[in-house]
Amino acid sequence: MSTISVVVSHQLEPQEAVRRIQSALAEAQQSYSDYLAQGEFRWVDQVLSYRFQTMGLVVAGTLSVGPGQVVVEAELPPTAWMLRGMIERQIHQRLSELLS
């Protein structure tokens, strides 16, 4: 397993950032339910711990919301490592749009 880390800056109150992320996550879980298996998503304060399986690959990590930034960390299986750059860009782009 290899770790990726994506940091996205924002100007929102942390509670508003969490609300937006929770809403987007609920939509994504519904939209991509055919591709997600064994999804576990648990919020404790402003930290989301997650673990899910997609296309046979297990992804696990955290998303932490703080004043001025969101940090996403994920453990990728070796077979997904070659897609690391694309995954990081997609996370950054989606969070930037969501938090703007």
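Heads up: the structure comes first, above all this text.
Given the structure is predicted, the values throughout are model-derived calculations rather than measurements.

**Examining the overall build of the protein**
Along its length, the protein carries two helices and five strands. Along its sequence from the N terminus, the protein presents helices and strands in the succession β-α-β-β-β-β-α. Here the protein has a C-alpha radius of gyration of 13 Å; the compact-globule value for 100 residues is 13 Å, and the two agree. Taking the principal axes of the C-alpha coordinates as reference, the protein spans close to 35 × 25 × 20 Å.

**Thoughts on the pairing of strand β2 (residues 36-44)**
Bridging between β2 and strand β3 (residues 47-54) involves seven bridges; their strand directions are antiparallel. Paired with L36 across the two strands is T54, which belongs to β3.

**A look at the environment of Y35**
Within the secondary structure, Y35 is located in the loop between α1 (14-31) and β2. C-alpha of Y35 to C-alpha of G56: the two residues are 21 residues apart in sequence and 9.4 Å apart in space. Setting aside residues no more than four positions away along its own chain, Y35 makes contact with Q53, T54 and M55.

**Remarks on the environment of D34**
Checked against the element boundaries, D34 lands in the loop between α1 and β2. Using a relative accessible area of 72% as the deciding quantity, one classes D34 as exposed. Between the C-alpha atoms of D34 and T54, which are 20 residues apart in sequence, the distance is 9.1 Å.

**Structural notes on the sheet that holds strand β4 (residues 57-66)**
Reading across from one edge, β1-β5-β4-β3-β2 is the order of the five strands in this open sheet, with antiparallel pairing throughout. On the outer flanks of this sheet lie β1 (2-9) and β2, each paired with one strand and no other. Averaged over all pairs of adjacent strands, the angle between strand axes in this sheet comes to 15°, irrespective of strand direction. Relative to strand β5 (residues 69-76), β1 is paired through eight bridges, and the arrangement is antiparallel. By the bridge assignment for β5, V6 is matched with V72. Strand contacts of helix α2 (residues 84-98): β1 and β5, with the helix running at about 25° to β1, the strand carrying the most contacts.

**Notes on α2**
Taking 1.5 Å per residue, 15 residues should reach 21 Å; α2 reaches 21 Å between its end C-alpha atoms and fits that length. Along α2, the residues that are buried comprise E88, L95 and L98. In an axial view of α2, the angular spread of the buried residues amounts to 105°, which keeps them on one side of the axis. On its buried face, α2 is in contact with β1, α1 and β5.

Here is what the cut-offs are and how they apply
- Residues numbered from 1 in each chain as written.
- Predicted model: local features only at pLDDT ≥ 70, side-chain atom pairs only at ≥ 80, totals over all residues.
- Heavy atoms only, no water.
- Helix = DSSP H or I, 4+ residues; strand = E, 2+ residues; numbered from the N terminus.
- Rg over C-alpha atoms; globule rule 2.2 N^0.38 Å.
- Pairing = 2+ DSSP bridges.
- Contact = heavy atoms within 4.5 Å.
- Buried < 20%, exposed > 50% of the residue type's maximum accessible area, 1.4 Å probe, protein only.
- Axes fitted to C-alpha atoms, helices over the stretch in contact; angles between N-to-C directions.
- Expected span 1.5 Å × (residues − 1).
- Arc of directions from axis to C-beta.

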